[in-house]
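Examining the three-dimensional arrangement
Listed below are the residues making up each chain.
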Amino acid sequence: MERTAVTVEAVREVGRDTVALELKTPEAFDALPGQFVLVRATPDGADEEVARHYTLSSPDVEDTFEITVAVDPDGDLTPWLAARQPGDEIDVEGPFGEITYHRDRDVVAVAGGPGVGPAVGIGEAARDAGYEVAIVYQDDEPAHEDRLEALAADGADLTIVDDGDDEALAAAVGEHVDDGQLYAFGFKDFVFAVRDAIEEAGGDPDEALIENFG
């Protein structure tokens, strides 16, 4: 989909300095969990347009789709996104990315920080399709706690480890390394730690679907 103005349906706080934007799905927009979109905007007072990528955090895009935004108060785009109201429009392109989930197998979703968005979306899609789910999430202040709790109540195996505790992260990844298609979402140091944990547990990190946020 080329650049298209989409309507904001809702903005929800889902954690400390974290919001989820629910956006009206435009015609011809067909995305799978794991893919991402490009958001373009010229925030108030900005001298030029800003563009950022956000991975989908909804399990589908049937009527609406969701992106999860970690808000940096000094950021050039995220405070503007967090201030949107229902009925506002933002410009979106996509979807992009080859990391996808087709509702066809058990999954292990490993998330660091804002990576919880796509991890939750994939987990919900898998449970909806009747597959097993394990989520390993590293963060001192978890976001999307309501959805994580709902997944756990529905039978998903949920492990939350403290930020910086790579030993606990490695143990949790090792416990689930053979339990399904492994996905990992997060910043560079996190996903490198996940790759190391997969290898240490006897798995093949090249078979994991990993999105490095940079």
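This one's a predicted model, so the numbers in the text were calculated from it and none came from an experiment. (Residues numbered from 1 in each chain as written. Predicted model: local features only at pLDDT ≥ 70, side-chain atom pairs only at ≥ 80, totals over all residues. Heavy atoms only, no water.)

**What about the packing of helix H4 (residues 166-176) against helix H5 (residues 188-200)?**
Packing of H4 against H5 brings their axes to within 9 Å, and their N-to-C directions diverge by 50 degrees. Judged by the angle between their axes, H4 and H5 are oblique. Crossing handedness for the pair H4 and H5: right-handed. Of the residues in H5, those in contact with Asp166, Leu169, Ala170 and Val173 of H4 are Phe190, Ala193, Val194, Ala197, Ile198 and Glu200. Across the contact of H4 with H5, the residue classes break down as eight nonpolar, no polar and two charged. (Axes fitted to C-alpha atoms, helices over the stretch in contact; angles between N-to-C directions. Helix = DSSP H or I, 4+ residues; strand = E, 2+ residues; numbered from the N terminus. Parallel < 35°, antiparallel > 145°, perpendicular 65-115°, else oblique. Left-handed = near helix turned anticlockwise from the far one by under 90°. Contact = heavy atoms within 4.5 Å. Nonpolar A, V, L, I, M, F, W, Y, C, P; charged D, E, K, R; others polar.)

**Some words on the sheet that holds strand S8 (residues 133-138)**
Taken together, the five strands give an open sheet; going across it, the order is S9-S8-S7-S10-S11, and neighbouring strands pair in parallel fashion. Lying at the two open borders of the sheet, with one neighbouring strand each, are strand S9 (157-161) and strand S11 (209-212). Sheet twist, expressed as the mean angle between neighbouring strand axes with direction ignored, is 10 degrees. Bridge analysis of strand S7 (residues 107-112) against strand S10 (residues 181-186) gives five bridges, and the strand direction is parallel. Paired with valine 107 across the bridge in S10 is glutamine 181. (Pairing = 2+ DSSP bridges.)

**Some details on helix H3 (residues 145-153)**
Looking only at H3, the buried set comprises Arg147, Leu148 and Leu151. Each buried residue of H3 sits inside an arc of 100 degrees when the element is viewed along its axis, so together they form one side. With respect to the buried face of H3, the exposed residues turned more than 90 degrees away are Glu149 and Ala153. Against strand S1 (4-15), strand S5 (64-70), helix H2 (116-128), S8 and S9 lie the buried residues of H3. Two residues or fewer past H3, glycine 155 is found with a positive phi of approximately 110 degrees. (Buried < 20%, exposed > 50% of the residue type's maximum accessible area, 1.4 Å probe, protein only. Arc of directions from axis to C-beta.)

**A look at the nonpolar core**
Among the nonpolar cores identified, the biggest contains 23 residues, and Leu23, Ile67, Leu81 and Ile90 are the most heavily contacted of them. Contributing elements (two or more residues each) for this core: S1, strand S2 (18-24), strand S3 (36-41), strand S4 (50-55), S5, helix H1 (78-82) and strand S6 (89-96). Among residues more than four places away in sequence, those in contact with isoleucine 90 are Thr4, Ala5, Val6, Val8, Leu21, Leu23, Val39, Trp80, Leu81 and Arg84. In terms of nonpolar packing, the next biggest core, distinct from the first, is built from 22 residues, Ile122, Val133, Tyr137 and Tyr183 among them. (Core = buried A, V, L, I, M, F, W, Y, C linked by side-chain atoms within 4.5 Å.)

**Re the environment of histidine 53**
Its location among the elements puts histidine 53 in strand S4. Those residues in contact with histidine 53, other than ones at most four positions away along the chain, are Phe36, Val37 and Leu38.

**Considering the pairing of S7**
Of all six residues that make up S7, six are buried, and the element is covered over most of its length. Across the two faces of S7 the burial is the same, with Val107, Ala109 and Ala111 and Val108, Val110 and Gly112 all buried. Of the pairings in the sheet, the one linking S7 to S8 comprises six bridges and is parallel in character. The partner of alanine 111 across the bridge, within S8, is tyrosine 137. Each parallel crossover has a hand, and the one from S7 via H2 to S8 is right-handed. (Right-handed = clockwise from strand over helix to strand, strands pointing away.)

**Comments concerning the sheet that holds S2**
In any sheet, the strands associate via hydrogen bonds between backbone groups, in a parallel or an antiparallel arrangement. With respect to topology, six strands assemble into an open sheet ordered S4-S3-S6-S1-S2-S5, the strand pairing being antiparallel. The two strands at the open ends of the sheet, each matched to only one other strand, are S4 and S5. With direction set aside, neighbouring strand axes in the sheet form an average angle of 40 degrees. Here seven bridges tie S2 to S5, and the two strands are oriented antiparallel to one another. Paired with alanine 20 across the two strands is threonine 68, which belongs to S5.

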